[in-house]
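In case you want the letters, here they are:
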Amino acid sequence: MSKTNPLGFLADQLDSWREAGTFQRLRKLQSACAPVSRFDGREVINLASNNYLGLTTHPKLIEAAIEATRKYGAGSGAVRTISGTMDLHLELERKIAAFKNVEACVVFQSGFAANAGTVSAILTPEDHIISDALNHASIIDGCRLSRAKIHVFPHRDMEMAEAKLAALAGVPGHKLLITDGVFSMEGDIAPLPALVELAEKYGAIMMVDDAHSSGVLGRAGRGTVDHFGLDGRVQIQVGTLSKAIGVLGGYVCGSRDLIDFLYHRARPFLFSTSHPPSVAASCIAAFDILEQEPERMRDLWKNTEYFRASLKAAGFDTGASETPIIPIMVGQAKTAFAFSRALFEEGLLATGIGFPTVAEGKARIRTIVTATHTAEQLDQATEILERVARTVLH
Ligand SMILES: Cc1ncc(COP(=O)(O)O)c(C=O)c1O
């Protein structure tokens, strides 16, 4: 009997991506994540990280990690509910809760786990989720895992969001209105005040994912709730420790009851090992730095405005960006990936993004500036983009 490969269908799919020019090879980072980093043997300007405040290489974070490793070891040894809750984990959670002005906080292994674990824990198939069309994949997966009914409204369309909520008035089940605070591919900000009004009018739970707003928006980077002055009106705030905070992890902030409930029902919390002590210690140091070094956020926004203006002056379409996430709209995925590869050859790393991360026909190059890029680096990046665009886009 001839043997067939039961995974052969994967090779067929990979071949089709190679033919379409959308097959992606992983680039190898051979230095720290910094404004200029070494990828695949080449020094390039790095506009592809989420290291908004430059904290990945901050000496205080590095020292905290080393000290915690010496004192507590390399790993926690267990999931949180068995024996893996260290005093460092609890200290970090207290610190974040105080920072965000909420009763309590729980830290997950990643932002992905925080979103997916929370939505799936609190809702059941009898409930309803009203969700922005461009919400992050971790929200979408959490919604699917909960088996609640999902009602998607077009991106930032408040009329349609209200129509969905109004249609559910009187229908049994809990309602969760959920949005990214800053949208990861567009770089625009959620209309949170209007969403909160809707949630209050229709008795829905309000949840916001501040992955790209923590350390970026609000006082000292407290996020969109603080940015819009909505303290006490958003029941669930998610954030990451993997982006502006510079380390790894995700957190959920809210009432003591919410957090105690998640301790009992959030599956990533119950069934996956807690962070190594080094991670918790570095994150604690990072929250101190948010308060102690406000110039980082100021530099981030100065660089953001400067770079966006340069790109616009050069004739690029930066979409609806209002934050350090600045897309350059291209159209076809194949073109975006070819553009990104050519930029790399000229000394700039800027990611090509295509389907399924964004809709078909909406492919783009995504750039993210950080506080630690210099004006010269940003000028050089604009010059490379203009030069390469002339050959790749025309
Ligand atoms: C909007 C949004 N939410 C959540 C996440 C997940 O965060 P993490 O990388 O910490 O898992 C990301 C990015 O990766 C994101 O862009």
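Residues numbered from 1 in each chain as written. Predicted model: local features only at pLDDT ≥ 70, side-chain atom pairs only at ≥ 80, totals over all residues. Heavy atoms only, no water.

Time to look at the site of the ligand. Around the ligand, the structure places 15 residues, and the nearest of them are Gly111, Asp209, His212, Ser242 and Lys243. Measuring from an oxygen atom of the ligand, one finds a side-chain N or O atom of His212 at 2.7 Å. Taking Ser242, its side chain carries an N or O atom lying 2.5 Å from an oxygen atom of the ligand. Tallying contributions element by element places helix α5 (residues 111-122) first for the shell around the ligand, with three residues. Across the shell around the ligand, the residue classes break down as two nonpolar, ten polar and three charged. (Near = heavy atom within 4 Å. Polar contact = N/O pair within 3.5 Å; in protein donor to acceptor, adjacent residues only side chain to side chain. Helix = DSSP H or I, 4+ residues; strand = E, 2+ residues; numbered from the N terminus. Nonpolar A, V, L, I, M, F, W, Y, C, P; charged D, E, K, R; others polar.)

The next thing to look at is a nonpolar patch on the surface. Taken together, the side chains of Leu7, Phe9 and Leu10 make up a nonpolar region of the molecular surface, amounting to roughly 310 Å² of accessible area. If you trace the backbone, Leu10 turns up in helix α1 (residues 8-20). (Patch = residues over 30% accessible without salt bridge, like charges linked within 9 Å, V, L, I, M, F, W, Y side chains within 5 Å. Areas by Shrake-Rupley, 256 points an atom, 1.4 Å probe, with all protein chains shown as cover. Salt bridge = Lys/Arg side-chain N within 4 Å of Asp/Glu carboxyl O.)

On to the packing of helix α4 (residues 87-100) against helix α12 (residues 277-292). α12 packs onto α4 with a crossing angle of 25 degrees between their chain directions and a minimal axis gap of 9 Å. Between α4 and α12, the crossing angle belongs to the class labelled roughly parallel. The way α4 lies across α12 gives a crossing that is left-handed. Packed against α4, whose contacting residues are Leu88, His89, Glu91, Leu92, Lys95, Ile96 and Phe99, the element α12 presents Pro277, Ala280, Ala281, Cys283, Ile284, Phe287, Asp288, Leu290 and Glu291 at the interface. Of the residues contributing to the contact of α4 with α12, the split by class is eleven nonpolar, one polar and four charged. (Axes fitted to C-alpha atoms, helices over the stretch in contact; angles between N-to-C directions. Parallel < 35°, antiparallel > 145°, perpendicular 65-115°, else oblique. Left-handed = near helix turned anticlockwise from the far one by under 90°. Contact = heavy atoms within 4.5 Å.)

Quick look at the sheet that holds strand β7 (residues 205-209) now. Strand order in this open sheet of seven strands is β3-β9-β8-β7-β6-β4-β5, and the pairing throughout is mixed. Looking at the sheet topology across the chains shown, the edges are occupied by β3 (104-108) and β5 (149-153). Going from strand to strand, the sheet's axes swing by 20 degrees on average, the running direction of each strand aside. Packing of helix α7 (residues 158-167) onto the sheet brings it into contact with β4 (128-132), β5 and β6 (175-180), and relative to β5 it is tilted by some 155 degrees. (Pairing = 2+ DSSP bridges.)

What follows covers the sheet that holds strand β1 (residues 36-39). If you trace the three strands from one edge of the open sheet to the other, you get β1-β2-β11, paired in mixed fashion. Edge positions in the sheet fall to β1 and β11 (348-349), since each has one partner strand and no second. The pairing of strand β2 (residues 42-46) with β11 spans two bridges and is classified as parallel. Looking at the pairing, Ile45 lines up with Leu348 of β11.

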